[in-house]
Amino acid sequence: MTKVLVIHASRHGGTKGIAERIGEVLRNEGIEAAVVGASDANWVVGIDAFVVGSGVYMGQWLSEGIEVLRQNQMTLSRHPVWLFSSGPLRGSATAKAGVDPVENALGPSDGPGSRGRKQLDALVAAIGPRDHRVFDGAFDPTDPPKVLSERLVRWLPAAKSVLPAGDFRDWGAIEDWAREIAAAVARSPVPVG
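Quick caveat, the model's predicted, so the values are computed rather than measured. (Residues numbered from 1 in each chain as written. Predicted model: local features only at pLDDT ≥ 70, side-chain atom pairs only at ≥ 80, totals over all residues. Heavy atoms only, no water.)

1. Concerning the pairing of strand S2 (residues 32-37)
Here's step 1: Where strand S1 (residues 3-9) meets S2, six bridges bridge the pair, whose relative direction is parallel. Bridge assignment links Lys-3 to a residue of S2, and that residue is Glu-32.
Here's step 2: In this fold, S1 hands off to helix H1 (residues 14-28), which returns the chain to S2; that crossover is right-handed. (Pairing = 2+ DSSP bridges. Helix = DSSP H or I, 4+ residues; strand = E, 2+ residues; numbered from the N terminus. Right-handed = clockwise from strand over helix to strand, strands pointing away.)

2. Re the pattern of salt bridges
Here's step 1: Applying the stated criterion to the full structure yields nine salt bridges.
Here's step 2: A salt bridge links Asp-110 to Lys-118; its shortest N-O distance comes to 3.0 Å. (Salt bridge = Lys/Arg side-chain N within 4 Å of Asp/Glu carboxyl O.)

3. Here's the deal with the nonpolar core
Here's step 1: Ile-7, Phe-50, Val-52, Trp-61, Leu-69 and Leu-106 are the most contacted members of the largest nonpolar core, which has 24 residues in total.
Here's step 2: When residues of this core are traced back to their parent elements, those giving at least two are S1, strand S3 (49-57), helix H2 (63-71), strand S5 (81-86), helix H4 (101-106) and helix H5 (115-127).
Here's step 3: Apart from residues lying up to four places away in sequence, Ile-7 is in contact with Val-36, Gly-37, Ala-38, Ala-41, Trp-43, Phe-50, Val-51, Val-52, Gly-53 and Val-68.
Here's step 4: In terms of nonpolar packing, the next biggest core, distinct from the first, is built from 21 residues, Val-4, Ala-33, Ile-174 and Trp-177 among them. (Core = buried A, V, L, I, M, F, W, Y, C linked by side-chain atoms within 4.5 Å. Buried < 20%, exposed > 50% of the residue type's maximum accessible area, 1.4 Å probe, protein only. Contact = heavy atoms within 4.5 Å.)

4. As for the packing of aromatic side chains
Here's step 1: Overall, the coordinates contain three aromatic pairs when judged by the stated rule.
Here's step 2: Measuring from centroid to centroid gives 5.6 Å for Phe-135 and Trp-177, while their planes differ by 65°, and the two rings are edge-to-face. Here the residue Phe-135 occupies a position in strand S6 (residues 131-135), and Trp-177 occupies one in helix H8 (residues 171-187), the gap between them amounting to 42 residues.
Here's step 3: On the accessibility criterion, Trp-177 (1% relative accessible area) is buried.
Here's step 4: Among the aromatic residues, those joined into a cluster by ring pairs are Phe-84, Phe-135 and Trp-177.
Here's step 5: Across from the ring centre of Tyr-57, 4.2 Å away, lies the NZ or CZ of Arg-11, which sits over that ring. (Phe/Tyr/Trp six-rings, centres within 6.5 Å; stacked < 30°, edge-to-face > 60°. Lys NZ or Arg CZ within 6 Å of the ring centre and 35° of its normal.)

Structural data, given as structure tokens:
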């Protein structure tokens, strides 16, 4: 049976929820799937494909997600890989209609505000993922900030327009994408390495 490892870097649980739903759909499609946090990912022999996702904060993947990609470039480059980003929030000041979803989440590929995008693009070039999807995230203002930058953003007078409260994850789109991954994995020969 084909084995897929779904790895997530999640600060408040929104990205973890997306990863868990992807794993659930993969299992329903006959794929053996395990879902783990980035810090818990065990790089064992026998994994046929990977799905790696991270929450996006201020235009950047979480450091744990970047480290999974960076430290495991060789392994990932030899297997089918799919990436996903969770963010921005629908209706936030950073979400712009008609703009490439990756640019909306991670900023432009060059110039001001491109640091997070360049960092991820370099790893994408080395790994060669089959796809990178961006899904809207979730924000619960009652969940306390985990890092200083979150505290600062929430204190801003315009925080309510920058951070609209709610769960904006499109479960139908997430499930459809997971089924696409399952179909691709089922068609692919198991890689060697």
